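# Observations on chain architecture
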Amino acid sequence: MSASALLPQTAPFGDDDRLSLDRVLSAASPIQRAWLAGFLAGVDAGQAPAPRVDAPARAAEPLTILFASESGNAERLAQDVAKLARKSGFKPKVVDFADLDIVDLSKQSRLVVIAATWGEGEPPARATRAYADLMGASAPRLEGTTYAVLALGDTAYAEFCGVGKAIDARLAELGAVRAVDRIDCDLDFEAPAAAWIKSTLETLAPALENSGNVVAVDFSIRAGAEISREPVVAEIVEHVNLNSSRSDKETVHLALGFDGTAPAYEPGDSLELFPENDPALVESVLAATGLGGEDALRATLTTERDITTLSIKTLETFAAETGHADVRKLLEEGHARAWIESRQLIDLVEAFPASLTAQQLTAITRPLPPRAYSIASSRKEVGDEAHLLIAAVRYQTHGRARGGVASTFVADRLKAGAATRVRLKPNKHFRLPDPATDIIMIGPGTGIAPFRAFVQERRVIGASGKSWLFFGNRRYTHDFLYQLEWQDALKDGSLARIDLAFSRDTPEKVYVQHRLWEQRRDLVGWLDNGAQLYVCGDAKAMAKDVRAALVAAFADVKALSSEAAEIAISDLERGRRYHQDVY
């Protein structure tokens, strides 16, 4: 064996040294040669750089992400924040306002709040209790908390992002430190929200030298992109007005078919329908702005821009683009909010004439959003179809006939054989319980839609739990939606009982909350035995009246104080046995 084979490459010997060693080793015994090889290898290892030993990775920084969501957008953004936060060295925890114990806020060092505003400045239904606790006198001090707020809203309402604004102010009032400025997002929230999330996580991240192993994040790729948000095309298979010809209402049963497989919806989910504006209204807006010859703009206004909503922001943009003195005066004198009440864009451009470019008119409008409708079918019963129930909205204000953008699009221009775009909108908070559990369903008007899906689903799977439906509308003869189906469901047992309230059939108007009171003993009995309760429909009045009726029922049947009855209903909500899908 030669010295070259024994000596490590890093040993400090030249070629002559190696030849000398060859002569020595040729006379050495095998044991001597082995000893020398080990000795030289040890010398080499001692002179080599010490292997790099990383410091123990620092524990991920905690980050609480609190959301208040009605339509699901705030919840989806909260999940996006969590996904990106994990890659940035955080240990995120997502908390629904519905599950929040307000005293736990004082334990959070870093807090991100994403809050939607519902209606005229109200919190989402599921967030009502915790929101009241946060605003109440018993809310804890938060001196050790750093926070940021993202607010979602709709500029069509006076209290735009009111809940997010109130939460932001309240957290500061309680001693928390604002890390970044609040952002207030309109319906086209995707891009500004993504930019805010990036900035916020960078600001809240621990200092680099203390942060341990932090992974760089490419914020150009939106979290959750693996879940497609692209709409699909559906064909109108059936289009039926369920009201009689003598009714003053028009409620369309819309059956949608798909080229391939229907969206993988479950009972309780919604479909977002992408409407088109009334062509006559589009022509009126183009004529009033002197843009009647703009064919490309005509197509854009029909399918992509909201040409009905009028808001303070619309007036501000109009004044900035046109310099119109009278519109500026409305804004400066504080009369703008009163003037836009019950008016639309066409009223603005006709009342304050101005020559606009196509770019200016586009800037004045906002993107045309889809409208979400509860799915009124179970795939287990209807196969590759999805059914919707849509009431046409028609009214008059300021001497002009008006109509709901999506509802009149469906009622007037979507007929059998036509096509439209839809997108699935899951609602995991409005799901059926296990088949053995009883359910109570309260759905006046089009609020009955998801309960048709519930009954179909439980019929097909042979659910042993009982189902009880409360339905209300104007007149029994003309407005009993899906009447024959409910009668068949009573016969085959998929519906155990039904209570009806037709408000125009009696001298005094009767609504579903009155039927709840009349049946309060059985109602409380079902709930005591574990039934789950579902409410779908109008949020402004019906949902509040139903909840008040339930509180009164518990107080009466169980001989409770109003405070104790309120706690009992709150316990149902926190136990996820009181579900609401309201609009």
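As a starting point, this report considers the structure included with it. Bear in mind the structure is a predicted one, so any value in this text is a computation, not a measurement. (Residues numbered from 1 in each chain as written. Predicted model: local features only at pLDDT ≥ 70, side-chain atom pairs only at ≥ 80, totals over all residues. Heavy atoms only, no water.)

## Here we look at the overall build of the protein
Check the secondary structure of the protein and you find 23 helices and 21 strands. Sorting the 583 residues of the protein into buried and exposed places 48% on the buried side. Taken as a whole, the protein presents about 27400 Å² of accessible surface, with 52% of it coming from carbon and sulfur. (Helix = DSSP H or I, 4+ residues; strand = E, 2+ residues; numbered from the N terminus. Buried < 20%, exposed > 50% of the residue type's maximum accessible area, 1.4 Å probe, protein only. Areas by Shrake-Rupley, 256 points an atom, 1.4 Å probe, with all protein chains shown as cover.)

## Quick word on the environment of valine 393
Within the fold, valine 393 resides in the loop between strand E13 (385-391) and strand E14 (394-397). Residue classification places valine 393 among the partly exposed positions, given a relative accessible area of 40%. Between the C-alpha atoms of valine 393 and alanine 406, which are 13 residues apart in sequence, the distance is 8.9 Å.

## A look at the layout of surface pockets
The volume enclosed by the second largest pocket comes to roughly 600 Å³. At the level of elements, helix H5 (128-135), helix H22 (542-557), helix H23 (562-574) and strand E21 (578-582) are the ones that each hand at least two residues to the lining of the second largest pocket. The class makeup of the residues in the lining of the second largest pocket is twelve nonpolar, six polar and 13 charged. (1 Å grid on protein atoms, 1.4 Å probe; cavity = no way out; pocket = protein on both sides within 12 Å on 5 of 7 lines; lining within 4 Å. Points joined across faces, edges and corners; volume = space filled by probe spheres on them. Nonpolar A, V, L, I, M, F, W, Y, C, P; charged D, E, K, R; others polar.)

## Brief notes about the packing of helix H17 (residues 449-461) against helix H19 (residues 483-492)
Relative to each other, H17 and H19 sit at 30 degrees, their axes nearing to 12 Å. On the basis of the axis angle, H17 is roughly parallel to H19. Crossing geometry of H17 relative to H19 is assigned as left-handed. Across the interface between the two elements, Phe451, Arg452, Val455, Gln456 and Arg459 of H17 pack against Glu485, Trp486, Ala489 and Asp492 of H19. Classifying every residue of the contact of H17 with H19 gives four nonpolar, one polar and four charged. (Axes fitted to C-alpha atoms, helices over the stretch in contact; angles between N-to-C directions. Parallel < 35°, antiparallel > 145°, perpendicular 65-115°, else oblique. Left-handed = near helix turned anticlockwise from the far one by under 90°. Contact = heavy atoms within 4.5 Å.)

## Some words on the packing of aromatic side chains
Under the definition given, this model contains 13 aromatic pairs. An angle of 15 degrees between the planes, with centres 5.8 Å apart, marks the rings of phenylalanine 471 and phenylalanine 480 as stacked. With 5.6 Å between their ring centres and 65 degrees between their planes, phenylalanine 480 and phenylalanine 502 make a pair best called edge-to-face. With phenylalanine 480 in the loop between helix H18 (476-479) and H19 and phenylalanine 502 in strand E19 (residues 497-502), this residue pair connects regions lying 22 residues apart in the sequence. You'll find phenylalanine 480 and phenylalanine 502 in the same group, each marked buried. Just above the ring of tryptophan 339 sits the side chain of arginine 343; from NZ or CZ to the centre is 4.5 Å. If you follow arginine 497 out to its NZ or CZ, it ends over the ring of tryptophan 468, 3.8 Å from the centre. (Phe/Tyr/Trp six-rings, centres within 6.5 Å; stacked < 30°, edge-to-face > 60°. Lys NZ or Arg CZ within 6 Å of the ring centre and 35° of its normal.)

## Concerning the environment of glutamine 580
Structurally, glutamine 580 can be placed in strand E21. In the structure, glutamine 580 is positioned 138 residues away from isoleucine 442 in sequence and 9.6 Å away in space, judged by C-alpha atoms. Ignoring sequence-local partners within four residues, the contact set of glutamine 580 consists of Ala125, Phe430, Val535 and Ala543.

## Focus: the packing of H22 against H23
Here H22 crosses H23 at 120 degrees, and the two axes come no closer than 8 Å. With respect to H23, the element H22 is oriented oblique. The chirality of how H22 crosses H23 is right-handed. Of the residues in H23, those in contact with Arg547, Leu550, Val551, Phe554 and Ala555 of H22 are Ser562, Ala565, Glu566, Ala568, Ile569, Ser570, Leu572 and Glu573. For the contact of H22 with H23, a count of residues per class yields eight nonpolar, two polar and three charged.

## Some details on the sheet that holds strand E9 (residues 270-274)
Taken in spatial order, the six strands make up an open sheet running E12-E9-E16-E7-E8-E13, and their pairing is antiparallel. Each edge of the open sheet carries a strand with a single partner, namely strand E12 (371-374) and E13. Strand-to-strand twist in this sheet, taken as the mean axis angle between neighbours without regard to direction, amounts to 40 degrees. The pairing of strand E7 (residues 232-241) with strand E16 (residues 419-425) spans four bridges and is classified as antiparallel. Across the sheet, the residue bridging to valine 233 is arginine 421, located in E16. (Pairing = 2+ DSSP bridges.)

## A short note on the side chain of histidine 387
Looking at the secondary structure, you find histidine 387 in strand E13. In terms of polar contacts, histidine 387 uses its side chain to reach the side chain of arginine 452, at 3.0 Å. Excluding its chain neighbours within four sequence positions, the residues that come into contact with histidine 387 are His253, Leu254, Ala255, Ser374, Ile375, Ala376, Ser377, Val382 and Arg452. (Polar contact = N/O pair within 3.5 Å; in protein donor to acceptor, adjacent residues only side chain to side chain.)

## Focus: H5
Those residues of H5 that sit buried are Arg129, Ala130, Tyr131 and Leu134. On its buried face, H5 sits against helix H6 (162-173) and H23.

## Section: the pairing of strand E4 (residues 146-152)
Buried residues dominate E4, accounting for six of its seven residues. The pairing of strand E3 (residues 110-116) with E4 spans seven bridges and is parallel. Along E4, the bridge assignment pairs alanine 115 with alanine 151. Handedness of the crossover joining E3 and E4 through H5: right-handed. For E4 and strand E5 (residues 177-178), the ladder comprises two bridges, and the chain directions are parallel. Following the sheet pairing, threonine 146 is matched in E5 by valine 177. Traced from E4 through H6 to E5, the parallel crossover comes out right-handed. (Right-handed = clockwise from strand over helix to strand, strands pointing away.)

## Comments concerning the sheet that holds E21
One open sheet holds the five strands; their spatial order is E19-E18-E17-E20-E21, and the pairing between them is parallel. Edge strands, defined here as strands with exactly one partner in the open sheet, are E19 and E21. For this sheet, the mean inter-axis angle between neighbouring strands, taken without regard to orientation, is 10 degrees. As judged from the four bridges shared by strand E17 (residues 439-442) and strand E20 (residues 532-537), these two strands associate in the parallel manner. Looking across to E20, one finds that isoleucine 439 is bridged to glutamine 532.

## Here we look at unusual backbone geometry
Notably, histidine 398 is not glycine yet its phi reads approximately 50 degrees, a positive angle. Take histidine 398: it is sitting in the loop between E14 and strand E15 (400-403). Although it is not a glycine, alanine 559 adopts a positive phi angle of roughly 55 degrees. Checked against the element boundaries, alanine 559 lands in the loop between H22 and H23. Residue class for alanine 559 comes out exposed when judged on its relative accessible area of 68%.

## Regarding the pattern of salt bridges
All chains considered together, the criterion is met by 41 salt bridges. Of the charged contacts, one joins glutamate 202 and lysine 198 as a salt bridge, the two residues approaching to 2.9 Å between their closest N and O atoms. You can see glutamate 202 and its partner lysine 198 sitting in helix H7 (residues 190-204), four residues apart, about one turn around the helix. Using a relative accessible area of 47% as the deciding quantity, one classes glutamate 202 as partly exposed. Overall, the relative accessible area of 33% leaves lysine 198 in the partly exposed class. Note that aspartate 269 and arginine 431 form a salt bridge whose closest N and O atoms lie 2.6 Å from each other. (Salt bridge = Lys/Arg side-chain N within 4 Å of Asp/Glu carboxyl O.)

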